[in-house]
Amino acid sequence: MERIASFCVDHTKLKRGMYLSRRDGDVDTWDIRMKEPNHGDYLSTGCAHTLEHLFATCARNSAYKEGVVYVGPMGCRTGFYLLTRGLTPAEALRLTVECYRFMANFEGPVPGASETECGNYRDMDLPAAKREAAAMLAVLEALSPDALRYDA
């Protein structure tokens, strides 16, 4: 079997940030790397699950919602994938900053966190999600659209 593109990225060199992971036709996959790989500090499942609900809700209700294809967590618990169509790197970064600001400041019931809406609705950790989003927001706000590459 061919080695998939995401396994070709040298994870020993990855830092926290946002990277264009791949382009498939008109769909861009963005690597939102919240944690340095293999450093022993990962998102807890409750935190990642809460961030997933908040990130997807924000992105799909944003001014860029028509360009949002998918938002989902990485299995390694070091971040998220954001798939977009028709957004420039600047727009994808603005969307991501907007969503991380939303997550860092979120108050109230987590959207979609009920038995009828979610397959594991009890596994949520809003305080951890807010802390992790706030920490990542500072990283995202320091980025420029020109630096959203693995080799940057």
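To be clear, the structure that these remarks concern was listed above.
This structure is a prediction, so every number in the text was calculated from the model and none was measured.

Caption draft 1: Helix 3 (residues 126-141), seen in detail. Compared with an ideal rise of 1.5 Å per residue, which puts 16 residues at 22 Å, helix 3 spans 22 Å between its outermost C-alpha atoms and is within 8% of the ideal. Every buried residue belonging to helix 3 is among Leu126, Ala128, Ala129, Lys130, Glu132, Ala133, Met136, Leu137, Val139 and Leu140, and all of these are buried. Those residues of helix 3 that are buried lie in contact with strand 1 (17-24), strand 2 (27-33), helix 1 (45-59) and helix 2 (89-104). Measuring from the side-chain oxygen of the N-cap residue of helix 3 to the backbone nitrogen of alanine 128 gives 3.1 Å; that N-cap residue is aspartate 125.

Caption draft 2: Geometry of unusual backbone geometry. If you check the backbone angles, asparagine 38 has positive phi at about 60 degrees while not being a glycine. Counting through the fold element by element, asparagine 38 comes out in the loop between strand 2 and helix 1. The exposure class of asparagine 38 is exposed, given its relative accessible area of 64%. Despite not being glycine, arginine 77 shows a phi value in the positive range, around 65 degrees. With respect to the helices, strands and loops of the structure, arginine 77 is situated in the loop between strand 3 (68-73) and strand 4 (79-85).

Caption draft 3: Summary view of the state of the cysteines. On inspection of all chains with the given rule, the structure shows zero disulfides. Unpaired in terms of disulfides, cysteine 76 finds its nearest cysteine sulfur in cysteine 47, a separation of 14 Å.

Caption draft 4: Main features of the sheet that holds strand 4. A sheet is described by the order of its strands in space; here four strands give the open sequence 1-2-4-3, paired in antiparallel fashion. Of all strands in the sheet, those with a lone pairing partner are strand 1 and strand 3, marking the two edges. Each adjacent strand pair in this sheet contributes to an overall mean axis angle of 20 degrees, direction not counted. Here five bridges tie strand 3 to strand 4, and the two strands are oriented antiparallel to one another. Within strand 4, the position partnered with proline 73 by the bridge is phenylalanine 80.

Caption draft 5: Region of interest: the pairing of strand 2. Taken across its seven residues, strand 2 has seven buried, putting it largely inside the fold. Judged by which residues are buried, strand 2 turns out to be covered on both faces: Val27, Thr29, Asp31 and Arg33 on one side and Asp28, Trp30 and Ile32 on the other are all buried. Bridge count between strand 2 and strand 4: seven bridges; the pairing is antiparallel. Residue pairing for strand 4: aspartate 28 is matched across the bridge by threonine 84.

Caption draft 6: Up close: the packing of aromatic side chains. Per the counting criterion, the structure on display carries four aromatic pairs. A centroid spacing of 5.4 Å and a plane angle of 70 degrees characterise the contact between phenylalanine 55 and tyrosine 100, whose relative ring orientation is edge-to-face. Residue phenylalanine 55 is located in helix 1, and its partner tyrosine 100 is located in helix 2; the two are separated by 45 residues in the primary sequence. Residue classification places phenylalanine 55 among the buried residues on the basis of a relative accessible area of 0%. Through pairs of rings, three or more aromatic residues link up here, namely Phe55, Phe80 and Tyr100.

Reading guide: rules and limits
- All residue numbers refer to positions counted from 1 along the written sequence of the respective chain.
- Only residues with pLDDT of at least 70 get local features here, since the model is predicted, and only at 80 or more are side-chain atom pairs given and counted; chain-wide, interface and lining totals rely on the full set of residues.
- To obtain the side-chain values, all non-hydrogen atoms of the structure were included, while hydrogens and water were left out.
- Here a strand is any run of E in DSSP of at least two residues, a helix any run of H or I of at least four, and the numbering for each starts at the N terminus.
- How far a helix is expected to stretch is found by multiplying one less than its residue total by 1.5 Å.
- Note on classification: 1.4 Å probe, protein chains only; a residue is buried when its accessible area is under 20% of the maximum for its type, exposed when over 50%, partly exposed between these limits.
- Residue contacts follow a heavy-atom distance rule, with two residues in contact if any of their heavy atoms lie within 4.5 Å.
- In protein, a polar contact requires one atom able to donate a hydrogen and another able to accept it; more generally it is a pair of N or O atoms within 3.5 Å, and residues adjacent in sequence count only if both atoms are side-chain atoms.
- Two cysteine sulfurs form a disulfide in these notes if their separation is within 2.5 Å.
- Two strands make a pair as long as DSSP finds a minimum of two bridges between them.
- All axes here are fitted lines through C-alpha atoms, helices being fitted over the stretch that makes contact, and every angle between N-to-C directions spans 0 to 180 degrees.
- Ring pairs shown here join Phe, Tyr and Trp side chains whose ring centres sit within 6.5 Å, with only the six-membered ring taken for Trp; geometry is labelled stacked below 30 degrees between planes, edge-to-face above 60, and tilted in between.

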